[in-house]
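# Notes for the structure review
Residues per chain, in single letters:
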Amino acid sequence: MVHETRSRAHAAAQEEGKAAPKKQKTESNDQERGQHVSKNKKLKAEESEPNGKGAAFREYTEFCKAIGEHLSVEEMRKILQANEQDASGSEDAVVPQCEDMMFYGPLEKCPVCGGQLEFKGWKYKCTGNYSEWARCTFSTNDPSRKSGPIKVPDDIKDDFIPKWLKQQEGKEFPKRDVDEEAHIFSGMMIALSGRMSRSHAYFKEQVMKHGGKVNNSVLGVTCVVASPSERDKGGSGGFAEALERGTPVVSENWIMDSIEKKEVQPLAAYDIASDVVPEGRGLPLGQLDPNEEAIETLASEVKLPGKRAVHKDSKLEKDGGYIFEKDGIIYNCAFAQCDLGCDLNQLCIMQLVMVPENRLHLFYKKGPIGHDQMAEERVEDFGSRVNDAVKEFVRLFEEVTGNEFEPWEREKKFEKKSMKMYPLDMDVGVDVRHGGAALRQLGTAALHCKLDPSVSFLVKQLCGQEIYRYALMEMAQDLPDVPIGMLTDLHLKRGEEVLLKMRQDAESIPESGPEADAFWTEISNKWFTLFPTTRPYIMRGFEQIADNVASGLETVRDINDASHLIGDVFGSTLDDPLSECYKKLGCSINPVPEDSEDYKMILRYLEKTYEPVKVDDVVYGASVERIYAVESSAFPSYEKIKNLPNKVLLWCGTRSSNLLRHLHKGFLPAICHLPVPGYMFGKAIVCSDAAAEAARYGFTAVDRPEGYLVLAVASLGNEITEVTGTPGAEDAQGFEEKKMGVKGVGRKMTDESEHFTWRDGVKVPCGKLVPSRNKNGPLEYNEYAVYDPKQVSICFLVGVKYEEQNMEVVRDEE
């Protein structure tokens, strides 16, 4: 079962924006102004003496000045090395590190990764790597330090150091008190512009209280803070001047979020003006409202649909260009890298493109995902110098990945030794978002189709681009630059291996703390590097692994299968492409007459076991539009399965984007066990006796009300095991090994008094939904797990239309 949403997308922050009445506003301004005046002296004191620790701060400042006069940078490096501290940094890093160590004591290594801690941004942060996929995210205000005296190499002869150390004998190292909040905006000059949700005095106080300064002029400031409503009104003078100067203009939420998170947030994430800059820098896709991003990506052209495709941005395709191949190697690579610890999420594309007259070009593009305007891009003409072009391609590959090119291309040998980019292994076919029929083509294709009109309607949907574009859009993996729908089986297998390792390691990780933070950052980095997205985030817990990793991988796998089957409808010279796709499907699909007993039975089964789908505050019912009977060599025929024991007709939920693969190759078991509904039975095919459960997965979106539910006959074997809780990994493995049928008892069940037998002993658990005795179980409805695909046969596809219920009609007032 697959149910992907964009719920994980981090939408732009909502603004308050309602103006107070004039009298109330005046009182509020007076009150805030009074608070500001009363605290003015305190703020000035904090600016001159951080944290209010006047004597201690002055002593440390004087000490830093003294050792700067008596020690060279190289001598500081030697002292750091003698005390087992990292001395490999630049001068700007070594000097403050040595000052901190000698005054406050040598730092212990990072408790998470064993790396070196450094004082950065008014807290101690680890500079090490948690793994080759992630930088360490550990930080603290109170680091552990080594006891014992400072060690000084004998070759440092200056008298100041021995004298100072002699004075410290018998004393404990002082503790460095860090008021992190007082320095959030340290070193930043900020301008406030236009009408804001609260007074300028309030925001000025917040900035100054946390270490920043406020300037009335835009000249020389770090950024301009304004309300998004100012942009809609055309902006104030300061707003316009900031745009002219290229100064970042950010939402006032940037101030509040930085204070709340006790760390200055990236300006780019709160940008409210870059898309109106004359140069047209634009906003990255991941910073748009999710609805706006969806509109843009759904309408965009796929720039790189496959391994042999010339990237659209190179403009070389128009000149008759094609991807250069030599000695069995295709010179076309795509790479990705995600490191959430340092807000890095980028792509790289490299191609050698041959154009007529044997002129070879190198196309190179690298930059943030979803932000073309900020990408580095170039096309280099090598002419007939093939060897030079190949050498440059190989050099860039090694520079970008840290690995050799030929071992990767020929044998897929790749070792990620450092946090460099990872190759996305593209297949030689065409991504269905490009190769599938576009909306304007589908009408013509259906008009000339020789199939039954009802069947051609289904095939038209399955062979079009739309359902696949929407599925990837909902996972925020609809990048035009990457053929997510045309990855190799090797790449998908790599994703499965990462998922299984992730699931195994997550069991032993504590719920919170530095180790947990580092682990979840690492696995998120790894996943969003293998399967890039415009909206990466740090996952936590098995539910997010199930929703975004396991089900996401299954969806990408099924879309890849659809891409291979459909091919390139654009380039087809066939008179009837839909019929050709239907033949390749290897499946018999026939409409079920509305007056038949099967149609009436299915309609009754749906009506009895359906409950409305709720999306936000809107409730949707479902009405049957059409029903198809299905037979395929990819799954057992009805004639074979009718002879098996304990046969039940059950509902299976699926996205439309996954349906073509199910019909082509049959159901596949869930990819792994996870202790959450949908995956709690392990590697099983999971169905339900409630259409309400299947409808959750078949629901698409408000503007796309059509979906499909699957009815399959499943044999549960000679013995059925009932479970009321969440099976553990060992239990699920036992079920799988014994190939036993399992029934997970839901909080709701179908009324057994209404169950009936269909034909050949197939039971239909049709009955109204009533509460069960398992009131505290993890499942809302009964679910059935089958571990052998030979025991499940798809019989019917039920096309449904989701309709909004209890819709209130608002009449226009005359």
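See the structure printed just above.
This is a predicted model, so every value here is computed, not measured. (Residues numbered from 1 in each chain as written. Predicted model: local features only at pLDDT ≥ 70, side-chain atom pairs only at ≥ 80, totals over all residues. Heavy atoms only, no water.)

### Examining the pattern of salt bridges
Threshold: Any Lys or Arg side-chain nitrogen found within 4 Å of a carboxyl oxygen on Asp or Glu counts as a salt bridge. Runs of H or I in DSSP of at least four residues are treated as helices and runs of E of at least two as strands, each being numbered from the N terminus. Burial here depends on accessible area, computed with a 1.4 Å probe over protein chains only, as a share of the maximum for the residue type. Under 20% is buried, over 50% is exposed, and the range in between is partly exposed.
Counting across every chain of the model gives 45 salt bridges. Two residues, Glu474 and Arg655, come together in a salt bridge whose shortest N-O distance is 3.3 Å. You can see Glu474 sitting in helix H17 (residues 466-474) and its partner Arg655 sitting in the loop between strand S21 (647-653) and helix H24 (656-665), a full 181 residues away along the chain. Of the two residues, Glu474 and Arg655, both sit in the buried class.

### Details of the side chain of Glu754
Quick reminder of the rule: Two N or O atoms count as a polar contact when they lie within 3.5 Å, although within protein this holds only if one can serve as hydrogen donor and the other as acceptor, and sequence-adjacent residues are included solely when both atoms are side-chain atoms. The contact criterion used throughout is that any non-hydrogen atoms of two residues lie within 4.5 Å.
Relative to the helices and strands, Glu754 resides in the loop between strand S26 (748-750) and strand S27 (756-757). Take Glu754: its relative accessible area is 18%, and that puts it in the buried class. Engagement of the side chain of Glu754 in a polar contact is seen with the side chain of Lys608, the distance being 2.7 Å. Contacts of Glu754, omitting those with residues within four sequence positions, involve Arg604, Lys608, Cys766, Gly767 and Lys768.

### Focus on the sheet that holds strand S5 (residues 139-140)
The test is simple: Here, any two strands with at least 2 DSSP bridges between them count as paired.
Here three strands make up an open sheet; going across it, the order is S1-S2-S5 and the pairing antiparallel. Taken across any chain shown, the strands that pair with only one partner, and hence form the sheet edges, are strand S1 (117-120) and S5. Taken together, the two bridges between strand S2 (residues 123-126) and S5 define a ladder with antiparallel strand orientation. Bridged to Lys125 within S5 is Ser139.

### Side note on the packing of aromatic side chains
Using the following cut-off: The pairing test for Phe, Tyr and Trp rings, Trp by its six-membered ring, is centres within 6.5 Å, and the orientation test on the planes gives stacked under 30 degrees, edge-to-face over 60, and tilted for anything in between.
According to the stated counting rule, one finds 25 aromatic pairs in the structure shown. When the ring of Tyr331 is compared with that of Phe405, the centres are 5.4 Å apart and the planes differ by 35 degrees; the resulting orientation is tilted. Remark: Phe405 occurs in helix H13 (residues 405-411) and Tyr331 occurs in the loop between strand S12 (329-330) and strand S13 (332-339); sequence separation between them is 74 residues. The same class applies to Tyr331 as to Phe405, namely buried.

### Some details on the packing of helix H4 (residues 73-82) against helix H5 (residues 91-104)
Note the following rule: The axes are straight lines fitted to the C-alpha atoms, using for helices just the contacting stretch, and the angles between their N-to-C directions are given from 0 to 180°. Roughly parallel means an angle under 35 degrees; roughly antiparallel, over 145; roughly perpendicular, 65 to 115; everything else is oblique. The crossing is said to be left-handed when, going from far helix to near helix, the turn is anticlockwise and less than a right angle, and right-handed when the turn is clockwise. Under the grouping applied here, Gly and all other residues not named as nonpolar or charged are polar, the nonpolar ones being Ala, Val, Leu, Ile, Met, Phe, Trp, Tyr, Cys and Pro and the charged ones Asp, Glu, Lys and Arg.
One can describe the packing of H4 onto H5 by two numbers: an axis separation of 9 Å at closest approach and a directional angle of 55 degrees. One element, H4, and the other, H5, form an angle in the oblique class. Crossing hand, H4 versus H5: left-handed. Residues Val73, Met76, Arg77, Ile79 and Leu80 of H4 pack against Glu91, Val94, Val95, Gln97, Cys98, Met101 and Met102 of H5. Partitioned by chemical class, the residues of the contact of H4 with H5 number nine nonpolar, one polar and two charged.

### Structural notes on the sheet that holds strand S9 (residues 249-251)
Read across the sheet, four strands follow the order S7-S6-S8-S9 without closing on themselves; strand pairing throughout is parallel. Strand pairing shows two members of the sheet lacking a second neighbour, strand S7 (213-214) and S9, which therefore form its edges. One ladder, built from two bridges, connects strand S6 (residues 189-192) with S7; its direction is parallel. Residue pairing in the sheet places Met189 in a bridge with Lys213 of S7. Together, S6 and S7 form the strand contacts of helix H7 (residues 200-209), whose direction differs from that of S6 by roughly 170 degrees.

### A few points about a negative patch on the surface
The condition that has to hold: Each patch is built from residues lacking any salt bridge and having more than 30% relative accessible area; the joining distance is 9 Å for like charges and 5 Å for nonpolar side chains (Val, Leu, Ile, Met, Phe, Trp, Tyr). Using a 1.4 Å probe, accessible areas were evaluated by the Shrake-Rupley method; residue-level cover was limited to the displayed protein chains. Here the positive residues are Lys and Arg and the negative ones are Asp and Glu; neither His nor the chain ends is included. A charged residue contributes its charge at one atom only: NZ of Lys, CZ of Arg, CG of Asp or CD of Glu.
On the surface, Glu466, Glu625, Glu706 and Glu803 cluster together to form a negatively charged patch. Tracing the backbone shows Glu803 in strand S31 (residues 792-804).

### Quick word on the environment of Gly443
Residue position: Gly443 is located in helix H15 (residues 439-447). With relative accessibility at 43%, the residue Gly443 sits in the partly exposed group.

### Digging into helix H6 (residues 160-168)
What counts, and what does not: In this description, one arc is meant: the one made by directions from the helix axis to the C-beta atoms.
Along H6, the residues classified as buried are Phe160, Ile161, Trp164 and Leu165. Take H6 and look down its axis: the buried residues cluster within an arc of 120 degrees, on one side only. Seen from the open side of H6, the exposed residues pointing more than 90 degrees away from its buried face are Lys163, Lys166 and Gln167. The positive-phi residue at the C-terminal boundary of H6 is Gly170, with phi of around 85 degrees.

### Observations concerning helix H21 (residues 577-585)
Think of an α-helix as 3.6 residues a turn; residues three or four steps apart then line up on the same face. Pro577, Leu578, Ser579, Cys581, Tyr582 and Leu585 are the residues of H21 that are buried. As for H21, its buried residues are in contact with H15, helix H16 (453-462), helix H20 (542-566), strand S18 (587-591) and H24. Gly586 occupies a position one or two residues after H21 and carries a positive phi of about 65 degrees.

### Topic: the pairing of strand S25 (residues 741-744)
To keep things clear, this is the line we draw: Whether a crossover is right-handed depends on one test, that the path from the first strand over the helix to the second runs clockwise when the strands point away from the viewer.
Residues Gly741 and Lys743 line one face of S25 and the alternating positions Val742 and Gly744 line the opposite face, and both faces are buried. Summarising the sheet, strand S24 (residues 720-723) and S25 pair through four bridges and their orientation is parallel. Residue pairing across strands places Ile720 opposite Gly741, the latter belonging to S25. Once you follow S24 into helix H26 (residues 729-738) and on to S25, the crossover reads as right-handed. Relative to strand S30 (residues 783-786), S25 runs antiparallel, the two sharing three bridges. Counterpart to Gly744 in the pairing with S30 is Glu783.

### Here we look at the pairing of strand S23 (residues 706-715)
Among the 10 residues of S23, nine are classified as buried, and the element is accordingly described as predominantly covered. The sheet contact formed by S21 and S23 spans seven bridges and is antiparallel. Residue pairing across strands places Leu650 opposite Ala712, the latter belonging to S23. With nine bridges joining them, S23 and S31 adopt antiparallel strand pairing. If you follow Glu706 over to S31, its bridge partner there is Lys801.

Shape descriptors only; they carry no functional weight alone.
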